[in-house]
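Commentary on secondary and tertiary structure
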Amino acid sequence: MINKLSQSLEAAVAGIHDGATVLIGGFGTAGQPAELIDALIAQGARDLTIVNNNAGNGEIGLAALLQARRVRKIICSFPRQADSQVFDALYRAGEVQLELTPQGNLAERIRAAGAGIGGFFTPTGYGTLLAEGKETRVIDGKHYVFETPIHADFALIKAHRGDRWGNLTYRKTARNFGPVMAMAARCTIAQVSEVVELGELDPEAIVTPGIFVQRVVLQGAQ
């Protein structure tokens with residue numbers, strides 16, 4: 001019997017190793033798997049490469065992971081905002097590396113990894129510092145820069161509902177990076193607000209099929 005349900009948040013993040021590349025869903029705090037992040041902090045893995053849309057808000061969630069000195073490098077599109085003081089301090093002190101990627105490129109690099117695409121050409125970033133050292137090409141008279149896929153060891157995402165097979169649905173804009181991240185990781189761990197029985201999810205409404213998900217944990221599971 002296929003049963004991907006983890007009995008606790010601790011069990012859900014077991015095996016995330018030092019030096020792992022971890023995709024973390026969310027657009028700011030919307031769709032951010034905060035409880036999985038807290039469990040990862042408690043678990044103790046360090047030297048992580050984190051991929052997220054931004055670099056943390058305040059001192060919770062992703063910012064707390066940074067503050068715990070568990071992150072070696074972050075790949076994101078929007079590292080600085082009014083409440084990104086934790087990242088700012090670490091970056092200025094040389095304690096965390098940054099790979100800045102335009103948001104559309106970030107999403108497509110993650111999607112490319114999940115789709116098995118070896119890379120793609122995009123006009124975004126051409127002629128800027130972000131294109132330094134990358135292959136460029138003129139296609140139909142327009143300049144493009146080559147971007148590579150972002151593969152990950154693990155993905156931590158948040159969904160609204162899930163079943164024991166790992167099928168997921170999302171709530172409105174909290175969906176954001178979840179579906180593409182689920183496809184790009186060797187092990188996808190989904191925090192859900194509700195676990196439902198098989199057949200309760202309308203097959204036409206399932207956004208992330210269970211084939212892309214290895215673990216499901218109920219939000220608040222101890």
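Computed from a prediction, not measured in an experiment: that's the story for all the values here. (Residues numbered from 1 in each chain as written. Predicted model: local features only at pLDDT ≥ 70, side-chain atom pairs only at ≥ 80, totals over all residues. Heavy atoms only, no water.)

**Focus on the overall build of the protein chain**
- The number of helices and strands found in the protein chain is 6 helices and 12 strands.
- Within the span of the protein chain, comprising 222 residues, buried residues form 47% of the whole.
- Taking all contacts inside the protein chain whose residues are at least 6 apart in sequence as the whole, residues at least 24 apart take part in 73%.
- Here the protein chain has roughly 10500 Å² of accessible surface; of this, 51% comes from carbon and sulfur atoms.
- Placing the 21 positive and 22 negative side-chain charges of the protein chain at their respective mean positions leaves the two points 2 Å apart. (Helix = DSSP H or I, 4+ residues; strand = E, 2+ residues; numbered from the N terminus. Buried < 20%, exposed > 50% of the residue type's maximum accessible area, 1.4 Å probe, protein only. Contact = heavy atoms within 4.5 Å. Areas by Shrake-Rupley, 256 points an atom, 1.4 Å probe, with all protein chains shown as cover. Lys, Arg positive; Asp, Glu negative; His and termini not counted. Charge placed at Lys NZ, Arg CZ, Asp CG, Glu CD.)

**Let's talk about the pairing of strand β7 (residues 136-139)**
- As paired elements, β7 and strand β8 (residues 142-147) share 4 bridges and run antiparallel to each other. By the bridge assignment, T136 is partnered in β8 with V145. (Pairing = 2+ DSSP bridges.)

**Overview of helix α2 (residues 34-43)**
- Here α2 has its buried residues at L36, I37, A39, L40 and I41.
- Positive backbone phi, approximately 105 degrees, marks G44, located one or two places after α2.

**Re the packing of aromatic side chains**
- Tallied over the full model, the rule gives 2 aromatic pairs.
- Geometrically, the ring pair formed by F87 and Y91 is stacked, given 5.5 Å between the ring centres and 20 degrees between the ring planes. Of this pair, F87 and Y91 both sit in helix α4 (residues 85-92), 4 residues apart, roughly one helical turn. (Phe/Tyr/Trp six-rings, centres within 6.5 Å; stacked < 30°, edge-to-face > 60°.)

**Side note on the pattern of salt bridges**
- The full count for this structure, using the stated rule, is 10 salt bridges.
- Between E99 and R109 there is a salt bridge, with the nearest N and O atoms lying 3.0 Å from each other. With E99 in strand β5 (residues 97-100) and R109 in helix α5 (residues 103-115), the pair connects residues that are 10 residues apart, well separated along the chain.
- Under the relative-accessibility criterion, E99 is labelled partly exposed at 24%.
- Between E200 and R161 there is a salt bridge, and its shortest N-O distance comes to 3.9 Å. Here the residue E200 occupies a position in the loop between β11 (185-195) and β12 (215-218), and R161 occupies one in strand β9 (residues 152-162), the gap between them amounting to 39 residues.
- You can call E200 partly exposed: its relative accessible area is 45%.
- When its relative accessible area of 22% is taken as the criterion, R161 is described as partly exposed.
- Beyond isolated ion pairs, a larger network of salt bridges with shared partners links K73, E99 and R109. (Salt bridge = Lys/Arg side-chain N within 4 Å of Asp/Glu carboxyl O.)

**Focus on the nonpolar core**
- One finds I16, V22, I50 and L65 to be the most contacted residues of the largest nonpolar core, which totals 34 residues.
- In contact with V22, other than residues within four places in its own chain, are I16, L48, T49, I50, V51, F154 and L156.
- The next biggest cluster of nonpolar side chains, apart from the first, holds 22 residues, and it includes I157, A184, A185 and V216. (Core = buried A, V, L, I, M, F, W, Y, C linked by side-chain atoms within 4.5 Å.)

**So, the environment of K73**
- Following the sequence through the fold, K73 ends up in strand β4 (residues 71-76).
- With 54 residues separating them in the primary sequence, K73 and G19 have C-alpha atoms 9.9 Å apart.
- Setting aside residues no more than four positions away along its own chain, K73 makes contact with L48, T49, I50, V96, Q97 and E99.
- Of note is the side chain of K73, whose polar atom sits 3.0 Å from the side chain of E99. (Polar contact = N/O pair within 3.5 Å; in protein donor to acceptor, adjacent residues only side chain to side chain.)

**Things to note about α4**
- Listed in full, the buried residues belonging to α4 are V86, F87, D88 and L90.
- Packing partners of the buried residues in α4 comprise α3 (62-67), β4 and β5.
- A positive phi of about 75 degrees marks G94, the residue just after α4.

**Points about a nonpolar patch on the surface**
- Taken together, the side chains of I2, W165 and L198 define a hydrophobic patch exposed on the protein surface, amounting to about 280 Å² of accessible area.
- By the element assignment, I2 lies in the segment before β1 (5-6). (Patch = residues over 30% accessible without salt bridge, like charges linked within 9 Å, V, L, I, M, F, W, Y side chains within 5 Å.)

**Let's talk about the pairing of β12**
- Taken together, the 2 bridges between β1 and β12 define a ladder with parallel strand orientation. Among the inter-strand pairings, L5 is bridged to a residue of β12, identified as V216.
- With 4 bridges connecting them, β11 and β12 associate as parallel partners. Bridge pairing in β12 places V192 opposite L218.

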